[in-house]
Amino acid sequence: MPKDSKLKQGEMPKLTNPLTDSSPIIGEGLPLASNATSVDTNQSKVILTQKPKVLIIDDEEDFTITLKEILEIKGYAATIAHNGKQALQLIKGPSNNYNAPKTNYNIVLIDLNLPDVHGLELIQTLKSYSSETEVIVVTGNPSLPTAVKALNAGAFGYIEKPYNVDRLFILLERALERQKLIKVLKESEARYRRLFEE
């Protein structure tokens, strides 16, 4: 974020972060990727990319509302679910309506302590419905064994509450980059398979 208090044209305002800066991140190692709007200055054209979709699963209402607002300011499309049942309905659609629209989320931010299901169990269920969705655990009760279990269940990363907003967005960008790399690899594999079958 820019340190200068005077914003230049097109810059985002600096967010006030009331949270601490000491929370560790698990899931690092991939280069950062930007999903921001691309501007062609030579031809004065603005190329809009699709907003990454994020599902926030947490039963703390104030926390989810604040996080949703921050995500939307930064260019994400955010949706809130306060328990596992709501989350599954959003991902797979209502059980009594198979034609209901389903949303393919790029990233799910999930608290492990939900009122109706444990977060670790929900991670496995979410990945079974949408294997390409990256899951990031956000929890106020961190422990190394829990972090390891979350990663083994299919989570991309793990971050503690209270967390640093900048660090969270670094993790989000790395999750999106991993998602893109996997998609490219799958497309390349499919092309080579077709070549060998011809």
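Residues numbered from 1 in each chain as written. Predicted model: local features only at pLDDT ≥ 70, side-chain atom pairs only at ≥ 80, totals over all residues. Heavy atoms only, no water.

1. So, the packing of aromatic side chains
What counts is decided by this rule: Each Phe, Tyr or Trp ring (for Trp, its six-membered ring) is paired with any other whose centre lies within 6.5 Å, and the angle between the two planes then decides the class: stacked below 30 degrees, edge-to-face above 60, tilted in between. Each helix is a run of H or I in the DSSP string that is no shorter than four residues. Each strand is a run of E no shorter than two, and both are numbered from the N terminus. Note on exposure labels: buried denotes an accessible area under 20% of the residue type's maximum, exposed denotes more than 50%, and partly exposed covers the range between, all computed with a 1.4 Å probe on protein chains only. The rule is short: NZ of Lys or CZ of Arg within 6 Å of the ring centre and within 35 degrees of the ring normal puts a charge over the ring.
Under the criterion given, the structure shown has one aromatic pair. Seen from their ring centres, Tyr 76 and Phe 169 are 5.8 Å apart, and the 40° between their planes marks the pair as tilted. In this pair, Tyr 76 sits in the loop between helix 1 (61-73) and strand 5 (77-81) while Phe 169 sits in helix 5 (residues 165-197), placing the two residues 93 residues apart along the sequence. Each of the two residues, Tyr 76 as well as Phe 169, counts as buried. Over the ring of Phe 169 we find Lys 74; its NZ or CZ atom is 5.6 Å from the centre of that ring.

2. Some thoughts on the confidence of the model for the protein
Stated precisely, the cut-off is as follows: By definition, pLDDT measures how confident the predictor is in each residue, and it falls between 0 and 100. The contact criterion used is simple: two residues touch if any of their non-hydrogen atoms lie within 4.5 Å.
Confidence along the protein averages 77 in pLDDT terms, with 70% of residues attaining 70 or more. Below a pLDDT of 50 lies the segment residues 1-48, which in the model reaches 77 contacts outside its immediate sequence neighbourhood of four places, other chains included.

3. Regarding the packing of helix 2 (residues 84-92) against helix 3 (residues 119-129)
This is how it is decided: Each axis is a line fitted through C-alpha atoms, and for a helix only the stretch in contact is used; angles between axes span 0 to 180 degrees, taken between their N-to-C directions. Geometric relationships in this document are graded by angle, where less than 35 degrees denotes roughly parallel, more than 145 denotes roughly antiparallel, 65 to 115 denotes roughly perpendicular, and other angles denote oblique. The residue classification treats Ala, Val, Leu, Ile, Met, Phe, Trp, Tyr, Cys and Pro as nonpolar and Asp, Glu, Lys and Arg as charged. All others, Gly included, are polar.
Viewed as axis vectors pointing N to C, helix 2 and helix 3 meet at an angle of 10°, and their least axial separation amounts to 10 Å. Taken as axis vectors, helix 2 and helix 3 run roughly parallel relative to one another. Seen from helix 2, the contacting residues are Gly 84, Leu 88, Ile 91 and Lys 92; seen from helix 3, they are Leu 122, Thr 125, Leu 126 and Tyr 129. Taken together, the residues that form the contact of helix 2 with helix 3 break down as five nonpolar, two polar and one charged.

4. Some remarks on helix 2
Note the following rule: By definition, the arc is the one covered by directions from the helix axis to the C-beta atoms. Here a polar contact means two N or O atoms within 3.5 Å. Within protein one must be a hydrogen donor candidate and the other an acceptor candidate, and residues neighboring in sequence count only if both atoms are side-chain atoms.
Among all positions in helix 2, only Gly 84, Ala 87, Leu 88 and Ile 91 are buried. All buried residues of helix 2 fall inside an arc of 95° around its axis, so they share one side. Tucked inside the fold, the buried residues of helix 2 contact strand 4 (53-57), strand 5 and helix 3. The residue sitting at the N-terminus of helix 2 and contributing the capping side-chain oxygen is Asn 83; that oxygen lies 3.2 Å from the backbone nitrogen of Lys 85.

5. Re the environment of Asp 58
Relative to the assigned elements, Asp 58 resides in the loop between strand 4 and helix 1. Asp 58 sits 52 residues away from Ile 110 along the chain, and the two C-alpha atoms are 6.2 Å apart. Residue contacts for Asp 58: discarding those within four places in its chain leaves Phe 63, Thr 64, Ala 81, His 82, Asp 111, Leu 114 and Lys 161.

6. Section: the pattern of salt bridges
Test applied: A pairing counts as a salt bridge when a side-chain nitrogen of Lys or Arg comes within 4 Å of a carboxyl oxygen of Asp or Glu.
For the structure shown, the criterion picks out seven salt bridges. Residue Glu 134 pairs with Arg 178 through a salt bridge whose shortest N-O separation is 2.7 Å. One end of the pair, Glu 134, is in strand 7 (residues 134-139); the other, Arg 178, is in helix 5, and 44 residues separate them in sequence.

7. Re unusual backbone geometry
A cis geometry characterises the amide bond from Lys 161 onward to Pro 162, with omega recorded as -10°. Take Pro 162: it is sitting in the loop between strand 8 (157-160) and helix 5.

8. Quick word on the environment of Gly 119
Looking at the element boundaries, Gly 119 is found in helix 3. Along the sequence, Gly 119 and Ala 153 sit 34 residues apart, while their C-alpha atoms lie 10.0 Å from each other. Beyond its immediate stretch of four places on either side in the chain, Gly 119 contacts Ile 110, Asp 111 and Leu 112.

9. Quick look at the nonpolar core
Rule in force here: Here, nonpolar core refers to any group of buried Ala, Val, Leu, Ile, Met, Phe, Trp, Tyr and Cys residues whose side-chain atoms link them within 4.5 Å.
Counting residues in each nonpolar core, the largest one holds 23 residues, and the members touching the most others are Leu 55, Ile 57, Ile 110, Leu 122, Ile 123, Leu 126 and Val 137. When contributions to this core are tallied by element, the ones reaching two or more residues are strand 4, helix 2, strand 6 (107-110), helix 3, strand 7 and helix 4 (144-153). With four residues, the top contributor of residues to this core is helix 3. Ignoring anything within four residues of it in the chain, the contact list for Ile 123 reads Ile 110, Leu 112, Val 135, Val 137, Ala 150, Ala 153, Gly 154 and Ala 155. Listed in part, the 22 residues of the second largest apolar core include Ile 70, Val 138, Leu 172 and Ala 175.

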